[in-house]
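Geometric and topological summary
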Amino acid sequence: MTTRCQAVLQEVMRGAKELPTLPHVIAKILRMTTSAESSAADISKLIANDPALSSRVLRLVNSAFYGFPRKVSNVTRAIVLLGFAKVRNLAVTASVAQMFTGLERPGEFSFRRYWEHAVATALASELIAKRVCPARADDAFVVGLLSELGKAMLAGRAPDLYRKVLAEVNELEIPVNQAAAQVLECDVASLGSEIAQYWNFPELLVQCLKHYRAPQKAPPEYREIAQCVHVADTLAGSLGWLGAGEKFVADVDGVALMELKVDEAGLTQDANTLLKSYDTSAAVLQMAA
Amino acid sequence: MPKIALINAKPGMILGQPVEDDLGRVVLGAGEALTDDLIRLLLKRGHNEIQVRGDTRIMAAASIAQIPEARRREIENQLEARFARGEGDSNMQLFKRVARAALLPEAGP
């Protein structure tokens, strides 16, 4: 990392410890749900310690989306009904939405657009992973949801720097990630990865956030998920959910398509499913915020 | 009577067979007309397939025709604009075809 890039990271992270409960609680939840030794009771205890978070999780579980016949009144029951990974994803989604709502800066960074892209990319990542590596589909959802963490943090916490990056995007008609690398010597994907590391997120997120734009560089054990999110980012953009600040659909890596064995028929099916499920899912995810 | 994937169901299609839950209880009876809300509800409850009356190709074409011409042009223009950078790239053209087929079904791949 260059000195300039380190300075950018410091500016973004200055005061970041005062952010809402997200990093601490979520880092723990993310670690617990990947550990075989954690029980539903351990995780529900952790979520229950954050009243705002547990009420959002219960509101989601009791929504018409899941259609359970009886009211689910505690988080342990929710985990039994939905599974660890789904409750983890709900908790992460609820916390991320809450954290970024306060970062809205009209004219420069559209939280709404960021959020729509995040939800579409998360759903698309899950759909693609379900075919390629079904056991890791829930992980792919979380990586997709947080894929633009670096961009959102830069826009929210260092708006002057983000403005300079956007000026470069508009002048040269290049992606935000490339413009940030040119202006700040620090691309937004690496920035997101550094933030994830600072918050003690699992290695899966640290590595995938860093490499999902160029997934061939990801360590072998994370490569498949990074590739799924990479393709999902392009698919979401193709259907109109472009990332915040972006003018064009993100370039796709042909090797990722080949290695994932993604073909036109499969992509078309995923695109149709995404269009059908997005409205319902986005409404549900928004409710968590 | 054609069996179709629920994700391809369109509002206005008529159920040919009742939809039942895992315990055999009827969720929706034969002859019910599908709406967006009903399709969403069935998807949420984990149903994948339904049987409908009539020719699904005709019904699909009828639902495509519901997109007004002005809106179709707008979708087409937005699609061209966001793919303006990937014109010489065959993989990006693949995604453009996928997006067009999903957003404007009759244009096809």
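Structure: above.
Fair warning: this is a prediction, and the values are worked out from it, not measured in the lab.

On to the state of the cysteines, then. A full pass over the atoms with the stated rule returns one disulfide over all chains. Unpaired in this structure, Cys-228 of chain A has its nearest cysteine sulfur neighbour in Cys-133 of chain A, at a distance of 4.3 Å.

This brings us to the pattern of salt bridges. This structure, assessed with the given rule, holds 14 salt bridges over all chains. Between Glu-74 of chain B and Arg-71 of chain B there is a salt bridge, and its shortest N-O distance comes to 3.3 Å. With Glu-74 of chain B and Arg-71 of chain B both in helix α3 (residues 69-82) and three residues apart, this pair spans about one turn of that helix. Put simply, Arg-100 of chain B and Glu-76 of chain B hold a salt bridge, and the shortest N to O gap is 2.6 Å. Taken together, the residues span a long stretch of sequence, with Arg-100 of chain B in helix α4 (residues 90-103) and Glu-76 of chain B in helix α3 at a distance of 24 residues. Of the residues examined, Glu-76 of chain B reaches a relative accessible area of 23% and is grouped as partly exposed. A single network of salt bridges, built from pairs that share partners, joins Glu-148, Lys-151, Arg-213, Asp-233 and Glu-246 of chain A.

In this section: unusual backbone geometry. Residues and elements named next belong to chain A. The backbone phi angle of Glu-173 is positive, close to 55°, even though this residue is not glycine. Residue position: Glu-173 is located in the loop between α10 (159-172) and α11 (176-184). At Glu-185, a position not held by glycine, the phi torsion is positive, near 60°. The residue Glu-185 is located in the loop between α11 and α12 (188-198) in this model.

Next up on the list: the interface of chain A and chain B. Contacts between the two partners involve 30 residues from chain A and, on the opposite side, 22 residues from chain B. Summing both sides of the interface, chain A and chain B together bury roughly 2300 Å²; the carbon and sulfur share of this comes to 64%. Inspection of the chain A/chain B interface yields two salt bridges. Between chain A and chain B we count six residue pairs in polar contact (both at pLDDT 80 or more) in total. Residues of the side of chain A that touches chain B, tallied by class, amount to 15 nonpolar, nine polar and six charged.

Before going further, it helps to examine the packing of aromatic side chains. All names here are of chain A. Counting across every chain of the model gives one aromatic pair over all chains. Arranged with centres 4.4 Å apart and planes meeting at 35°, the rings of Trp-241 and Tyr-278 form a pair that is tilted. Taken together, the positions of Trp-241 in the loop between α14 (220-238) and α15 (254-260) and Tyr-278 in helix α16 (residues 264-287) put the pair 37 residues apart, joining distant regions of the chain. In this pair, the class of Trp-241 matches that of Tyr-278, namely buried.

Residue and element names in this part refer to chain A. Inspection of the secondary structure puts Ile-225 in helix α14. Between the alpha carbons of Ile-225 and Arg-136 there is a distance of 7.6 Å; along the sequence they are 89 residues apart. Ignoring any residue separated from it by four or fewer positions in sequence, one finds Ile-225 in contact with Arg-136, Asp-139, Ala-140, Val-143, Leu-204 and Cys-208.

Residue and element names in this part refer to chain B. Interhelical geometry of α3 versus α4 gives an angle of 165° and a closest axis separation of 11 Å. When the axes of α3 and α4 are compared, the pair comes out roughly antiparallel. The chirality of how α3 crosses α4 is right-handed. Residues Ile-75, Glu-76, Leu-79, Glu-80 and Arg-82 of α3 form the contact with α4, whose participating residues are Lys-96, Ala-99, Arg-100 and Leu-103. When the residues that make up the contact of α3 with α4 are grouped by side-chain class, the tally is four nonpolar, no polar and five charged.

Calculation criteria
Residues numbered from 1 in each chain as written. Chains lettered and ligands numbered in written order. Predicted model: local features only at pLDDT ≥ 70, side-chain atom pairs only at ≥ 80, totals over all residues. Heavy atoms only, no water. Disulfide = S-S within 2.5 Å. Salt bridge = Lys/Arg side-chain N within 4 Å of Asp/Glu carboxyl O. Helix = DSSP H or I, 4+ residues; strand = E, 2+ residues; numbered from the N terminus. Buried < 20%, exposed > 50% of the residue type's maximum accessible area, 1.4 Å probe, protein only. Contact = heavy atoms within 4.5 Å. Buried area = accessible area lost by both parts, 1.4 Å probe. Polar contact = N/O pair within 3.5 Å; in protein donor to acceptor, adjacent residues only side chain to side chain. Nonpolar A, V, L, I, M, F, W, Y, C, P; charged D, E, K, R; others polar. Phe/Tyr/Trp six-rings, centres within 6.5 Å; stacked < 30°, edge-to-face > 60°. Axes fitted to C-alpha atoms, helices over the stretch in contact; angles between N-to-C directions. Parallel < 35°, antiparallel > 145°, perpendicular 65-115°, else oblique. Left-handed = near helix turned anticlockwise from the far one by under 90°.

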